[in-house]
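Per-entry structural report
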Amino acid sequence: MKIKKILVANRGEIALRVMRTCKALGIRSVAIYSEVDRKSAHVVYADEAYCVGPPRSTDSYLSLGNVMDAVRKSGADAVHPGYGFLSERAELAAACAEQNVVFIGPPPQAISDMGDKTLARQLMEAHNVPVVPGTTGAVTGLDEALQIAARIGYPVLAKAAAGGGGKGMRKVDSSFDMKRALDLAQGEAGSAFGDARIFIEKYLEKPRHIEFQILADAYGKCIHLFERECSIQRRHQKVIEEAPAAHMTEELRDQMGAAAVRAAQACSYVGAGTIEFLVDQANNFYFMEMNTRLQVEHPVTEYITGLDLVAEQIRIAEKEPLPYEQSDMMIYGHAIECRIYAEDPSSNFLPNPGRVTFHQLPVGVGVRVDSSIEGSGDVPIHYDPMISKVITWGRTRDEATQRMIFSLGDYQIAGVKTTRTFCRRVMESSAWQQAELSTHFVEDYPELLSEKADTPLEAAIAATVLLRKSDTQDIPATSWQNRRKD
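Residues numbered from 1 in each chain as written. Predicted model: local features only at pLDDT ≥ 70, side-chain atom pairs only at ≥ 80, totals over all residues. Heavy atoms only, no water.

**Things to note about the pairing of strand E11 (residues 237–243)**
Within a regular beta strand, the side chains point alternately toward one face of the sheet and then the other, so they alternate between its two faces. Applied cut-off: Burial status follows relative accessibility: with a 1.4 Å probe on protein chains alone, a residue under 20% of its type maximum counts as buried, one over 50% as exposed, and anything between as partly exposed. A run of H or I in DSSP counts as a helix once it spans at least four residues, and a run of E counts as a strand once it spans at least two, with each numbered from the N terminus. The criterion for strand pairing is that DSSP finds at least two bridges linking the strands in question.
Counting buried residues in E11 gives six out of seven residues, a clear majority hidden from the surface. By the bridge criterion, four bridges tie strand E10 (residues 222–234) to E11 in an arrangement that is antiparallel. Note that in E11 the partner of Glu229 across the bridge is Glu242. Sheet topology places E11 next to strand E14 (residues 334–341); four bridges connect them, and they run antiparallel. In the strand pairing of E14, Ile240 is matched with Cys338.

Below is the structure:
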């Protein structure tokens, strides 16, 4: 079965990313957009586009009814959910099945099973995948939470049973803090996910966040595409990723990769997915969660394997068997991704949405930029403030780092404060270059959060210099040219 038209149920850079693979494969693409996104780059690029509602995401991109109406109107025979919004909602996969439309992702049951953190823990334990010590189900109240915490030892985490992204999660240092932490976690979880259930697990001191990309076909074959290091985070959300992980041994990679495959097979997974682990200072690893979709940081895996993960998703959805064995997979060089957000690092990464008045992307060998803005554009207040992702590849980690330093210095943005300068400082730091990484990296190195971040004036001056230079040198006409793998 060959897919002919894909509706991308998303916006911004991931929508463009999926559409470009569609074009390469000769598949027509359909965009959806909210009223505020009417002139966005993904809408312009698509073969056709449909409005799904007003700016608020709950009334547009998160409206299952509006999205499925667009599927019917467009005649799309497949839906790609991207990441965020409805990408991890089993309801979207089920609605596609009801309309006889291919969902480019896992079965609804796999999404439900792995989206419920307590059920996922139970599945992992049953399939010999290590989990962080804690409860296998949601706690029934304060007394049970206190008993569990006393047994496994403080500090502990109170975590939402549904959802992810750091929402509904609170560290608890002592019994005196438990009631407040439970109340806060339950309130946030109920608001974010409509599910206030909380479970308790041991808090690991300064772990690394290591995830494994997996591919699984409809016939039971599953392989992994190695690991990504995602330890540099703010508010429990990633900012910088790399592949492969520094300090990873072949023995540990084999153990974690095999565990990732078992985790995927535990829920009869089909498609591209990610198994996320925490690794402690003694190299013990523990299952954290599974993301049943494409990840923001998937380009670093594409660089080191040479695979187009969106194309692989589509082929799996077309019921093609995986043509690879695990032994076919090789790591080629090193790749790094820096997420460029409209945020102010010096103010705890406070979002800084607004008008991007100038946007000049870096160019070079081993440099790729996935962006949703062409020249200029808006970062709306209604959605995630990510502007772009800068990805560099090198034969070694040092070479990839140097290319990233150059690229971030060459990257010009005016109109909003961004994380560009912060990312460059990280690349230049001895902590990064010596791979002294943990999920506490940002707190451990506050000097990288200098107040001298990007300002519209600084960026505008740099932009003026670039524009003057453009009279005597060629500057690529479109940012797509900059996204090629050299």
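**Description of the packing of aromatic side chains**
Quick note on the threshold: Stacked, tilted and edge-to-face are the three classes applied to pairs of Phe, Tyr and Trp rings, where Trp contributes its six-membered ring and a pair requires centres within 6.5 Å; stacked means planes under 30 degrees apart, edge-to-face means over 60, and tilted covers the rest.
Inspection of every chain in the model, using the stated rule, returns seven aromatic pairs. A ring pair is formed by Phe212 and Phe277, whose centres lie 6.3 Å apart and whose planes are at 80°; its orientation type is edge-to-face. Highlighted residues: Phe212 in strand E9 (residues 208–216) and Phe277 in strand E12 (residues 271–279), separated in sequence by 65 residues. Judged by relative accessible area, Phe212 falls into the buried class, the value being 0%.

**Re the packing of helix H4 (residues 90–98) against helix H5 (residues 108–115)**
Our working definition: Helix axes are fitted to C-alpha atoms over the stretch in contact, other axes to C-alpha atoms as well, and angles between N-to-C directions run from 0 to 180 degrees. Should an angle fall under 35 degrees it is taken as roughly parallel, and over 145 as roughly antiparallel, whereas 65 to 115 is taken as roughly perpendicular and any remaining angle as oblique. Working rule for contacts: check all heavy atoms of both residues, and any pair within 4.5 Å makes them a contact. Any residue outside Ala, Val, Leu, Ile, Met, Phe, Trp, Tyr, Cys, Pro, Asp, Glu, Lys and Arg is labelled polar, Gly included; the first ten of those are nonpolar and the last four are charged.
With their axes 8 Å apart at the nearest point, H4 and H5 run at an angle of 170° to one another. Classified by the interaxial angle, the pair formed by H4 and H5 is roughly antiparallel. From H4, Ala90, Ala93 and Ala94 reach across to H5, where they touch Pro108, Ile111 and Ser112. Here the residues of the contact of H4 with H5 sort into five nonpolar, one polar and no charged.

**Points about helix H7 (residues 142–152)**
To keep it simple, the criterion reads: Each direction from the helix axis to a C-beta atom contributes to the arc, which is the arc of those directions.
Of all the residues in H7, the buried ones are Ala145, Ile148, Ala149 and Ile152. Looking down the long axis of H7, one finds its buried residues gathered within 100° of arc, a one-sided arrangement. Counted as exposed and oriented over 90 degrees from the buried face of H7: Asp143, Gln147, Ala150 and Arg151. Of the surrounding secondary structure, the elements contacted by the buried residues of H7 are strand E6 (156–160), helix H8 (175–193) and strand E8 (198–202).

**Topic: the pattern of salt bridges**
Under the convention used in this document: Salt bridges are defined by distance alone: a side-chain nitrogen of Lys or Arg within 4 Å of a carboxyl oxygen of Asp or Glu.
In total, this model carries 41 salt bridges according to the counting rule given. For Lys5, the salt bridge goes to Glu48, with nearest N and O atoms at 2.9 Å. With Lys5 in strand E1 (residues 5–8) and Glu48 in strand E3 (residues 48–53), this pair connects stretches of sequence that are 43 residues apart. What makes Glu48 buried here is its relative accessible area of 18%. Notably, a salt bridge pairs Glu201 with Arg121, separated by 3.2 Å at the nearest N-O pair. Of this pair, Glu201 sits in strand E8 while Arg121 is found in helix H6 (residues 117–126), placing the two residues 80 residues apart along the sequence. Residue Arg121 is classed as buried on the basis of its relative accessible area of 3%. Each of the salt bridges in this network shares a partner with another, and the network as a whole consists of Glu211, Arg228, Lys238, Glu241, Glu276, Glu297, Glu337 and Arg339.

**Some details on the side chain of Arg228**
Let me state the cut-off plainly: A 3.5 Å cut-off defines polar contacts: any pair of N or O atoms within that distance qualifies, except that in protein one atom must be a possible hydrogen donor and the other a possible acceptor, and neighbouring residues in sequence count only when both atoms are side-chain atoms.
Position of Arg228 among the secondary structure elements: in strand E10. Within the structure, the side chain of Arg228 is placed 3.1 Å from the side chain of Thr274, a separation counted as a polar contact. Among residues more than four places away in sequence, those in contact with Arg228 are His209, Ile210, Glu211, Gln213, Glu242, Ala243, Thr274, Gln295, Glu297, His298, Val300 and Thr301.

**Some words on the sheet that holds strand E19 (residues 375–379)**
With antiparallel pairing, the three strands of this open sheet are ordered in space as E19-E17-E21. Strands at the two margins of the open sheet, each flanked by one partner only, are E19 and strand E21 (412–414). The average undirected angle you get between the axes of adjacent strands in this sheet is 25°. For strand E17 (residues 354–360) and E19, the ladder comprises four bridges, and the chain directions are antiparallel. Paired with Val356 across the two strands is Gly377, which belongs to E19.

**Observations regarding the nonpolar core**
In globular proteins that are soluble, nonpolar side chains generally tend to be buried together. This is how the line gets drawn: In this description, a nonpolar core means a group of buried Ala, Val, Leu, Ile, Met, Phe, Trp, Tyr and Cys residues linked to one another through side-chain atoms lying within 4.5 Å.
Core analysis: the biggest nonpolar cluster contains 34 residues, and Ile3, Ile6 and Ile104 have the highest contact counts within it. Setting aside residues no more than four positions away along its own chain, Ile3 makes contact with Ile27, Asp77, Ala78, Val102, Ile104, Ile314, Ala317 and Glu318. Counting 33 residues, the second-largest nonpolar core is a separate cluster that includes Met404, Cys423, Val426 and Ala431.

**Concerning the environment of Ile373**
As for its position among the elements, Ile373 is in the loop between strand E18 (367–371) and E19. Taking the relative accessible area as the measure of exposure, Ile373 reaches 4% and is therefore buried. Linking Ile373 and Phe349, residues 24 residues apart in sequence, is a C-alpha distance of 21 Å. The contacts of Ile373, once residues within four sequence positions are left out, are Val356, His359, Asp378, Val379 and Ile387.

**Quick look at the pairing of E14**
Of all eight residues in E14, eight are buried, a share of seventy percent or more. In E14, alternate side chains face the same way, and those of His334, Ile336, Cys338 and Ile340 on one face and Ala335, Glu337, Arg339 and Tyr341 on the other are all buried. Bridge count for E14 against strand E20 (residues 386–394) is eight bridges, and the pairing is antiparallel. Pairing of Ile340 across the sheet is with Ser388, part of E20.

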